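Residue-level structure breakdown
Listed here are the chains, written in short residue letters.
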Amino acid sequence: MTNERIETGWNFDNSYARLPKLLFTSQTPTPVRSPKLIILNGALAKEIGLKTDSLQNEAGVAVFAGNQIPEGAAPLAQAYAGHQFGGFTKLGDGRALLLGEQITPKRERFDIQLKGSGRTPYSRGGDGRAALGPMLREYIISEAMHALGIPTTRSLAVVETGEPVIRETYLPGAILTRVAASHLRVGTFQYAANWGTVEDLRVLADYTLNRHYPKVESGEGQYLSLLKEVIKRQAKLIAKWQLVGFIHGVMNTDNMTISGETIDYGPCAFMDTYDLDTVFSSIDQQGRYAYGNQPYIGGWNLARFAETLLPLLHEDENEAVKIAQEAISEYMELYRGYWLEGMRAKLGIFNEEAVDNSLIDDLLGMMQKYRADYTNTFRALTMDKPEETAMFGTPEFIQWHKQWEERLGRQEESKEVSQQLMQNSNPVVIPRNHRVEEALEAAVNQGDYSVMESLLQVLSNPFTVSPKHEEYCTLPAPSNQPYRTYCGT
Ligand code: AMP
Ligand code: MG
């Protein structure tokens with residue numbers, strides 16, 4: 001072992017670099033002028049076997065800035081394609097580089113990626129860079145998702161580059177270090193299926209099985225198992241999004257992982273008022289990625305994934321299509337099952353009854369009608385403290401509440417146990433948009449990171465009821481302007 005490894009804990013393998021060459025291009029980061037560490041995720045660093053002290057000294061920060069390649073890393077830009085708002089495009093890491101895979105002391109493998117590290121052969125017209133605000137936003141939301149128990153890529157560090165990036169105005173440049181189970185996307189398979197041979201595709205599928213689905217037995221049927229496992233993980237993931245009111249905002253196939261982690265925190269945001277039509281992204285004019293559409297788009301994306309696997313599913317194309325369609329047709333029911341299970345938990349229900357569907361639908365229907373806050377409604381039910389909002393005083397809600405209490409009475413678990421389940425299933429705090437904006441404004445415009453630190457602290461414990469959490473539960477002041485988020489950041 002070299003000194004560097006002992007000092008920082010970086011311990012790279014580069015299995016992706018051993019895949020067929022068409023899937024990536026070796027590329028080093030473009031050095032930046034004067035890197036400055038803005039935030040380091042100490043807990044995550046430890047989890048993956050890194051030494052937080054040495055990550056913060058000059059040499060440590062140089063790695064996060066792309067100014068120094070840690071020993072053992074073999075940086076590369078990954079090639080992928082994607083259906084973006086339905087249209088198929090050749091893409092790839094245009095502003096990101098995979099440094100390598102960190103092998104942790106527990107022998108787990110995590111991708112370490114620099115986002116904003118300079119141009120690559122896949123940059124198209126872009127500058128390969130990222131701005132500080134959006135990188136901090138990704139840091140906040142991804143870490144909040146993790147604390148909510150939702151599979152996600154993580155954020156290890158953000159450094160300022162000391163160089164401006166040009167967007168509508170000059171903005172401070174930054175690089176985010178992203179940690180992921182892998183960066184394999186539906187779009188990676190689309191790339192291999194469109195521009196590679198069947199053999200390339202098979203190597204990619206085998207690699208994926210080995211890395212993410214090692215329990216799938218090799219042999220006949222393993223690629224169908226891969227398809228089914230990915231369907232299952234995505235159904236589970238999107239159900240979790242729906243249950244906390246997370247709107248991804250840009251569910252293109254290149255932004256859907258094969259591991260089942262949430263990826264690419266661009267125009268995403270959490271919903272305040274419950275409304276199936278909620279859209280935050282400035283470019284999503286048709287509401288393709290609206291809150292209520294996410295489960296369906298998930299299915300659409302998975303169908304695109306299934307298409308890529310056709311040559312591996314059966315030598316006869318018609319047979320292959322049949323097999324794929326059958327697997328895809330199970331998605332909605334799987335999704336609905338996970339969602340229902342989650343909704344029951346949000347309402348403190350352990351056993352299953354046929355009436356649960358209508359009990360849940362009736363509540364959501366009222367929430368939509370009275371424009372109730374999604375998180376606070378479930379929080380009020382959990383704490384058994386009706387809020388002074390339009391919905392809670394209405395006869396229809398009072399009637400519903402009675403039915404719900406009767407329903408809880410028809411299970412063995414006590415009221416206390418049921419309430420405990422609700423507490424574990426209903427976050428008290430979510431990264432509300434006005435809070436995130438406030439933190440970013442202070443950080444980027446004032447150089448004051450205390451607002452973000454406090455927010456991150458609260459978000460790391462989203463299910464805990466405490467006085468400190470109280471102020472983070474309040475809603476934004478009413479505004480005529482809907483909240484807007486942006487791509488291409
Ligand atoms: P995204 O919307 O972040 O999922 O990105 C879609 C595609 O655009 C990906 O291939 C990115 O690598 C690429 N991209 C986004 N921003 C930039 C940029 N500033 N420079 C180069 N490529 C970019
Ligand atoms: Mg993307």
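Note: strand E5 (residues 81–84) against strand E6 (residues 87–90), four bridges, orientation antiparallel. The residue of E6 that forms the bridge with Gln84 is Gly87. What sits between the antiparallel neighbours E5 and E6 is a turn of two residues, in which Phe85 has the positive phi angle 50°.

In terms of nonpolar packing, the biggest core is built from 119 residues, with Leu136, Leu363 and Leu381 touching the most fellow members. Looking at which element gives the most residues to this core, the answer is helix H8 (residues 222–244), with twelve residues. What Leu381 contacts, discounting residues up to four positions off in sequence, is Leu347, Leu363, Phe392, Phe397, Trp400, His401, Trp404 and Met422. Counting 22 residues, the second-largest nonpolar core is a separate cluster that includes Phe12, Ile48, Val61 and Val159.

Before going further, it helps to spend a moment on the coordination of the magnesium ion (ligand 2). Donor atoms from the polypeptide that coordinate the magnesium ion (ligand 2) comprise Asn255 (OD1) and Asp264 (OD), at 1.9 to 2.2 Å from the metal. Here Asn255 matches Asp264 in class, with each residue buried.

Attention now moves to helix H5 (residues 132–147). Relative to the 22 Å expected for 16 residues at 1.5 Å per residue, H5 spans 23 Å between its end C-alpha atoms, a close match to the ideal helical length. Looking one or two residues beyond H5, the residue adopting positive phi is Gly149, at roughly 80°.

Per the domain assignment, the segments making up the protein are domain 1 (3–180), domain 2 (186–338) and domain 3 (433–472). Distance from the C-alpha centre of domain 1 to the C-alpha centre of domain 2: 23 Å. Contacts between the two partners involve 35 residues from domain 1 and, on the opposite side, 38 residues from domain 2. Across the domain 1 to domain 2 interface the summed buried area is about 3200 Å²; carbon plus sulfur atoms make up 65%. On the domain 1 side of the contact with domain 2, Leu22, His83 and Phe85 bury the most area, a combined 22% of that side's loss. Taken together, domain 1 and domain 2 are joined by three salt bridges. The salt bridge partner of Asp264 is Lys115, with a shortest N-O separation of 3.3 Å. The interface formed by domain 1 and domain 2 contains 14 residue pairs in polar contact (both at pLDDT 80 or more). Among the secondary structure elements, those contributing two or more residues to the side of domain 1 that touches domain 2 are E5, E6, strand E8 (109–115), H5 and strand E11 (170–180). Top contributing element to the side of domain 1 that touches domain 2 by residue count: H5, with five residues.

Each value, and the rule that gives it
- Residues numbered from 1 in each chain as written.
- Chains lettered and ligands numbered in written order.
- Predicted model: local features only at pLDDT ≥ 70, side-chain atom pairs only at ≥ 80, totals over all residues.
- Heavy atoms only, no water.
- Pairing = 2+ DSSP bridges.
- Helix = DSSP H or I, 4+ residues; strand = E, 2+ residues; numbered from the N terminus.
- Core = buried A, V, L, I, M, F, W, Y, C linked by side-chain atoms within 4.5 Å.
- Buried < 20%, exposed > 50% of the residue type's maximum accessible area, 1.4 Å probe, protein only.
- Contact = heavy atoms within 4.5 Å.
- Donors = N, O, S within 2.8 Å, 3.2 Å for Na, K, Ca; no water.
- Expected span 1.5 Å × (residues − 1).
- Domains from an automatic or database assignment.
- Buried area = accessible area lost by both parts, 1.4 Å probe.
- Salt bridge = Lys/Arg side-chain N within 4 Å of Asp/Glu carboxyl O.
- Polar contact = N/O pair within 3.5 Å; in protein donor to acceptor, adjacent residues only side chain to side chain.

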